[in-house]
2 protein chains.
Amino acid sequence: MQLAVQQALRGGPATYQNPQVGAVLVKGGRVISQGYHHRFGGNHAEVDCLTKVSPQQAVGATLYVTLEPCCHVGKTPACSQRIIQAGIKHVVIGQLDPHKIVAGKGRDDLLAYGVEVTQESGAAIENLNRHYNWFYRHQRPWITLKTAQTLDGKINDQVGKRSRLSQEAAQRDSQQLRSHHHAILVGERTLTTDDPQLTVRLRALAHPPVRLVTVNRSAVAVGKQIVTDPSAETWLLARQADAADSSFAANVHVVVGDWTPAAIADLCAQHGWQSLLVEGGSHLQAQFVASGLVEAWVSYISPQLWGGTALPAVADSKLAPTSLQFEPVTVTQLGADLRLVAYRTGVA
Amino acid sequence: MQLAVQQALRGGPATYQNPQVGAVLVKGGRVISQGYHHRFGGNHAEVDCLTKVSPQQAVGATLYVTLEPCCHVGKTPACSQRIIQAGIKHVVIGQLDPHKIVAGKGRDDLLAYGVEVTQESGAAIENLNRHYNWFYRHQRPWITLKTAQTLDGKINDQVGKRSRLSQEAAQRDSQQLRSHHHAILVGERTLTTDDPQLTVRLRALAHPPVRLVTVNRSAVAVGKQIVTDPSAETWLLARQADAADSSFAANVHVVVGDWTPAAIADLCAQHGWQSLLVEGGSHLQAQFVASGLVEAWVSYISPQLWGGTALPAVADSKLAPTSLQFEPVTVTQLGADLRLVAYRTGVA
């Protein structure tokens, strides 16, 4: 199963919006084939694995697969039927698929045809598709708050001017973090102060994260990189309609509404965006903290102190403090910076 | 020399206000004695080491000592003369003593009497007496800012009420941190909100850190633990004189003045307090950051998010942000909490 997990990880963000899945075929105590889900629309892991052996070899073998095989005909034929037809004797499943189109039905299909099915779960399996699992279990996106801050928790030392905090290693890492989320969100002040591109510049992605920006009116986005750069979809979450709403290119969408964290989570759910990375600023982070819609916290800490009136990473003068509890933090040194990663207590 | 460093560390805060010093006597390639400075007023390390061997054994031996031997007669006779009289052939010194009463004169004394002197320095030696070295090199205390904060850099979630953040391991560690400083400083709001004892409760110290509190008038301290608890000296740094000034017990001193960070550092220098631990609150930390009088930062981070109007660890609405740069941070897991320790870039 460990081998199957390693296979699964080869998929990475290319499987969007499918989960990462790996499979290993074992016969007579020997691994005879390995496979994984390469990309959205491509072969599922089980099929990738089975196509690498002859029909005779597969008969009577045991298939280890990190996720329950699907039982529906979609972009590809149902895996459960493919497994049954191949004469696989025993399937070891890492976890059941929380997607309601499968949700135990793949397993039941195998059992109905006399295939032995057992389960071998664990943290490595669960973490393979943390966002996917969360999304289909809770019908809302996994939400990560991300900041780049000083030792004293500041993100900006001068109103209206961009502060560069993280060094190269941390910047590269935060691009990786983006690539593992389906949507990235910033607030209007971050848009006007930083004019960020909000793209993954490390590598070309077939499905780059969509860019969400909360604004009062869409006019504020005219000429900004998130609308002039065509490499990803942009959604302007506006409080009020504006003449500029219809002035943007086809990859830019304007939606008018009361964009609370819950409403933003709903929008993500409607579009199947399984994970949301909130990159700031201060007020937007505070709204998510106050709403309780937070599954993970990632902060890149630069060894500096700013003090005084510098802008805190999370603050809002109108929101009462709350207390969200997290599991113990994982720390990684990235050049001179630290990365702190914490998961909300009890999330699964 | 490594052995001598280990010996030195056995002294700990008991050597207050002397440095920690260790010594090892080697003859014929064998360690024949080890010693250290046990406590203020007690034998210096060299003497502790020499008294454990017979006069014959010491003759012709090599003495490793982490700090330059003293050459003045104080509470104990001059070590340089003791070494010369013992017939030591070679002294290996870890570092010269920055205290102006020694400052190379101990070494010169040995050389003048024909003792061979060499130096073996290094970070372990320097760190043995980081505060002592800093104090005598710069004539002002080593200043550490300490906070207990959330992931989003908050120290208090409700005005006027104490917030308990750190768990037991971090609390114990912060007591250790206190024991390694000569003075502890808090501001008036911390006094009135937390009513802290500001003592080292881990163990009995012959010279516990003095407690400094900046107040507007001393009346605010009446009945507070820092004045009712007699186990350490307390200095009330008041902006204005008050009728309460003469109402306190003998261990409580009231000094009236304009208590800027520089003025507080001067007070420490006058009293030979080599190190100052600033424990908050928010405004006091911000004043030290703005003044640049910061050598180290220690934060205990609790895995929580508070957001909203919770009080930031370092903030002041009237002080412009500055940028103090630190070396890469050292992180230690303490139960569910993290300890971050950072030293200012270039301090030595």
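Residues numbered from 1 in each chain as written. Chains lettered and ligands numbered in written order. Predicted model: local features only at pLDDT ≥ 70, side-chain atom pairs only at ≥ 80, totals over all residues. Heavy atoms only, no water.

A.B. asks: Mind showing me how you'd approach the overall build of chain A here?
C.D. replies: Counting its secondary structure elements, chain A contains 12 helices and 18 strands. The proportion of buried residues among the 348 residues of chain A is 56%. A fraction of 71% describes how many contacts in chain A between residues 6 or more apart in sequence connect residues 24 or more apart. When the accessible surface of chain A is summed, it comes to about 14,300 Å², and 50% of that surface belongs to carbon and sulfur atoms. Here chain A contributes 31 positively and 27 negatively charged side chains, and the mean placements of these two sets differ by 4 Å. (Helix = DSSP H or I, 4+ residues; strand = E, 2+ residues; numbered from the N terminus. Buried < 20%, exposed > 50% of the residue type's maximum accessible area, 1.4 Å probe, protein only. Contact = heavy atoms within 4.5 Å. Areas by Shrake-Rupley, 256 points an atom, 1.4 Å probe, with all protein chains shown as cover. Lys, Arg positive; Asp, Glu negative; His and termini not counted. Charge placed at Lys NZ, Arg CZ, Asp CG, Glu CD.)

A.B. asks: Any chance you could explain the interface of chain A and chain B here in plain terms?
C.D. replies: Bring the parts together and some accessible area is lost; that lost area is often taken as the interface size. Listed per partner, the contact involves 42 residues of chain A and 42 residues of chain B. When the area that chain A buries against chain B is broken down by residue, the three leading residues are Leu151, Leu305 and Pro321 of chain A, summing to 21%. Linking chain A to chain B there are 0 salt bridges. Counting across the chain A and chain B interface gives 20 residue pairs in polar contact (both at pLDDT 80 or more). Broken down by secondary-structure element, the contributors of at least two residues to the side of chain A that touches chain B are strand 6 (142-150), helix 12 (282-291), strand 13 (296-302), strand 14 (304-305), strand 16 (324-325), strand 17 (330-334) and strand 18 (337-343) of chain A. It is strand 18 of chain A that contributes the most residues to the side of chain A that touches chain B, 3 residues altogether. Alignment of strand 14 of chain A against strand 16 (residues 324-325) of chain B, held across 2 bridges, turns out to be antiparallel. From the neighbouring strand, Gln304 of chain A faces strand 16 of chain B, where its bridge partner is Gln325 of chain B. (Buried area = accessible area lost by both parts, 1.4 Å probe. Salt bridge = Lys/Arg side-chain N within 4 Å of Asp/Glu carboxyl O. Polar contact = N/O pair within 3.5 Å; in protein donor to acceptor, adjacent residues only side chain to side chain. Pairing = 2+ DSSP bridges.)

A.B. asks: Is there a simple way to think about the packing of aromatic side chains in this case?
C.D. replies: How two aromatic rings sit relative to each other is given by the distance of their centres and the angle of their planes. Residues and elements named next belong to chain A. Evaluated as defined, the whole model comprises 10 aromatic pairs over all chains. Aromatic side chains Trp134 and Trp142 sit 5.9 Å apart centroid to centroid with 90 degrees between the ring planes, which places their arrangement in the edge-to-face category. With relative accessibility at 6%, the residue Trp134 sits in the buried group. In this structure, Arg130 packs its charged tip against the face of Tyr343, placed 3.8 Å from the ring centre. (Phe/Tyr/Trp six-rings, centres within 6.5 Å; stacked < 30°, edge-to-face > 60°. Lys NZ or Arg CZ within 6 Å of the ring centre and 35° of its normal.)

A.B. asks: Explain the UniProt feature "domain: CMP/dCMP-type deaminase" (unreviewed entry) in chain A to me, please; I cannot follow it from the model alone.
C.D. replies: Mapped onto the present numbering, the UniProt feature "domain: CMP/dCMP-type deaminase" (unreviewed entry) falls on residues 1-118 of chain A. In this annotation, residues 1-118 of chain A is assigned 29% helix and 24% strand; the end-to-end C-alpha distance for the span is 12 Å. (UniProt positions renumbered as here; feature names shortened; annotations may be inferred.)

A.B. asks: Help me understand the sheet that holds strand 9 (residues 210-215) of chain B in this model?
C.D. replies: What links the strands of a sheet is backbone hydrogen bonding, and the strands pair in either a parallel or an antiparallel sense. All names here are of chain B. Strand order in the open sheet formed by 9 strands is 11-10-9-8-12-6-13-18-17, and the pairing between neighbours is mixed. Only two strands of the sheet have a single partner each, and these edge strands are strand 11 (252-256) and strand 17 (330-334). Direction aside, the axes of adjacent strands within the sheet are offset by 20 degrees on average. Of the strand pairs in this sheet, strand 8 (residues 183-186) and strand 12 (residues 275-278) are connected by 3 bridges, and their pairing is parallel. Directly across from Leu185, in strand 12, lies its bridge partner Val278. Across the sheet, helix 8 (residues 168-179) lies against strand 6 (142-150), strand 8, strand 12, strand 13 (296-302), strand 17 and strand 18 (337-343), angled at about 165 degrees from strand 13, the strand it touches most. (Axes fitted to C-alpha atoms, helices over the stretch in contact; angles between N-to-C directions.)

A.B. asks: What should I look at first to understand unusual backbone geometry in this one?
C.D. replies: Across the chain, the bulk of peptide bonds are trans and the bulk of non-glycine residues have phi less than zero. Residue and element names in this part refer to chain A. For the peptide bond that leads from Gly280 to Gly281, omega is 5 degrees, which places it in the cis range. When you line up the elements, Gly281 lands in the loop between strand 12 (275-278) and helix 12. Here Ala103, not a glycine, exhibits a phi torsion of approximately 45 degrees, which is positive. Here Ala103 is to be found in the loop between strand 4 (90-95) and helix 5 (105-112). In this structure Ala103 comes out as partly exposed when scored by relative accessible area, which is 43%.

A.B. asks: It is not clear to me how the environment of Val341 of chain A should be interpreted in this structure. Could you clarify?
C.D. replies: Residue and element names in this part refer to chain A. In this fold, Val341 is placed in strand 18. A relative accessible area of 13% means that Val341 is categorised as buried. C-alpha of Val341 to C-alpha of Gln167: the two residues are 174 residues apart in sequence and 18 Å apart in space. Excluding its chain neighbours within four sequence positions, the residues that come into contact with Val341 are Trp297, Val298, Val329 and Thr330.

A.B. asks: Quick question: what am I supposed to make of the sheet that holds strand 1 (residues 22-27) of chain A here?
C.D. replies: All names here are of chain A. With respect to topology, 5 strands assemble into an open sheet ordered 2-1-3-4-5, the strand pairing being mixed. In this open sheet, the two edge strands, each paired with only one partner strand, are strand 2 (30-36) and strand 5 (116-119). Between one strand axis and the next, the sheet turns through 20 degrees on average, direction left out of account. Pairing between strand 1 and strand 2: 6 bridges, direction antiparallel.

A.B. asks: For this particular structure, what's the right way to read the relation of the copies chain A and chain B?
C.D. replies: Least-squares fitting of chain A to chain B yields an RMSD of 0.0 Å, with the superposition described by an axial translation of 0.0 Å and a rotation of 180 degrees. What the superposition gives is, in effect, a two-fold axis relating one chain to the other. Ranked by how close their C-alpha atoms come to the rotation axis, the residues of chain A are headed by Gly153 of chain A, at 2.4 Å. A symmetric contact is evident, with 100% of the interface residues of chain A recurring at the interface of chain B. (Least-squares fit on C-alpha atoms with pLDDT ≥ 70 in both.)

A.B. asks: Would you mind showing me how to read the state of the cysteines here?
C.D. replies: Disulfides are covalent bonds that link the sulfur atoms of two cysteine residues. All names here are of chain A. All chains considered together, the criterion is met by 0 disulfides over all chains. Of the cysteine sulfurs around Cys70, a residue in no disulfide, the closest is that of Cys79, at 3.8 Å. With a relative accessible area of 6%, Cys70 lands in the buried category. (Disulfide = S-S within 2.5 Å.)

A.B. asks: Explanation requested: the nonpolar core in the structure shown.
C.D. replies: One broad rule of soluble globular proteins: the nonpolar side chains tend to lie buried together. Leu212, Leu276 and Phe288 of chain A together with Leu212, Leu276 and Phe288 of chain B are the most contacted members of the largest nonpolar core, which totals 71 residues. Among residues more than four places away in sequence, those in contact with Phe288 of chain A are Ile143, Leu145, Leu185, Pro261, Ile264, Leu276, Val278, Leu293 and Val294 of chain A. (Core = buried A, V, L, I, M, F, W, Y, C linked by side-chain atoms within 4.5 Å.)

A.B. asks: Could you clarify how one ought to interpret the pattern of salt bridges in this entry?
C.D. replies: Between side chains of opposite charge, a pair can form as their charged atoms come close. In total, this model carries 22 salt bridges over all chains according to the counting rule given. A salt bridge links Arg239 of chain B to Asp258 of chain B, with the nearest nitrogen and oxygen atoms 2.5 Å apart. Remark: Asp258 of chain B occurs in the loop between strand 11 and helix 11 (261-271) and Arg239 of chain B occurs in the loop between strand 10 (234-238) and strand 11; sequence separation between them is 19 residues. Using a relative accessible area of 43% as the deciding quantity, one classes Arg239 of chain B as partly exposed. Put simply, Lys146, Arg178 and Glu279 of chain A are held in one network by salt bridges that share partners.

A.B. asks: Quick question: what am I supposed to make of the packing of helix 4 (residues 79-86) of chain A against helix 5 of chain A here?
C.D. replies: The axes of two packed helices give the description: the angle between them and the distance between them. Residues and elements named next belong to chain A. Packing of helix 4 against helix 5 leaves a shortest axis separation of 9 Å and a crossing angle of 25 degrees. Here helix 4 lies roughly parallel to helix 5, going by the angle between them. In the crossing of helix 4 with helix 5, the sense of the turn from one axis to the other is right-handed. From helix 4, Ser80, Gln81, Ile83 and Ile84 reach across to helix 5, where they touch Gly106, Asp109 and Leu110. For the contact of helix 4 with helix 5, a count of residues per class yields 3 nonpolar, 3 polar and 1 charged. (Parallel < 35°, antiparallel > 145°, perpendicular 65-115°, else oblique. Left-handed = near helix turned anticlockwise from the far one by under 90°. Nonpolar A, V, L, I, M, F, W, Y, C, P; charged D, E, K, R; others polar.)

A.B. asks: Would you take a moment to explain helix 4 (residues 79-86) of chain B for this structure?
C.D. replies: What sets the pattern is the α-helix's 3.6 residues per turn: residues three or four places apart point alike. What helix 4 of chain B keeps buried is the set Cys79, Ser80, Ile83, Ile84 and Ala86 of chain B. Viewed end-on, helix 4 of chain B has its buried residues packed into an arc of 165 degrees, placing them on one side of the element. (Arc of directions from axis to C-beta.)

A.B. asks: How should I be thinking about the side chain of Ser299 of chain A in this particular structure?
C.D. replies: Residues and elements named next belong to chain A. Mapped onto the secondary structure, Ser299 falls in strand 13. For Ser299, the side chain forms a polar contact with the side chain of Trp297, separated by 3.0 Å. Contact partners of Ser299, with chain neighbours within four places excluded, come to Thr147, Gln149, Leu338, Arg339 and Leu340.

A.B. asks: Is there a simple way to think about helix 8 of chain B in this case?
C.D. replies: All names here are of chain B. In a regular helix each residue adds 1.5 Å, so 12 residues correspond to 16 Å; helix 8 covers 17 Å between its end C-alpha atoms and thus fits that length. Three or more residues of helix 8 are buried, namely Ala170, Asp173, Ser174, Gln175, Leu177, Arg178 and Ser179. In this fold, the buried residues of helix 8 make contact with strand 6, strand 8, strand 12, strand 13, strand 17 and strand 18. (Expected span 1.5 Å × (residues − 1).)

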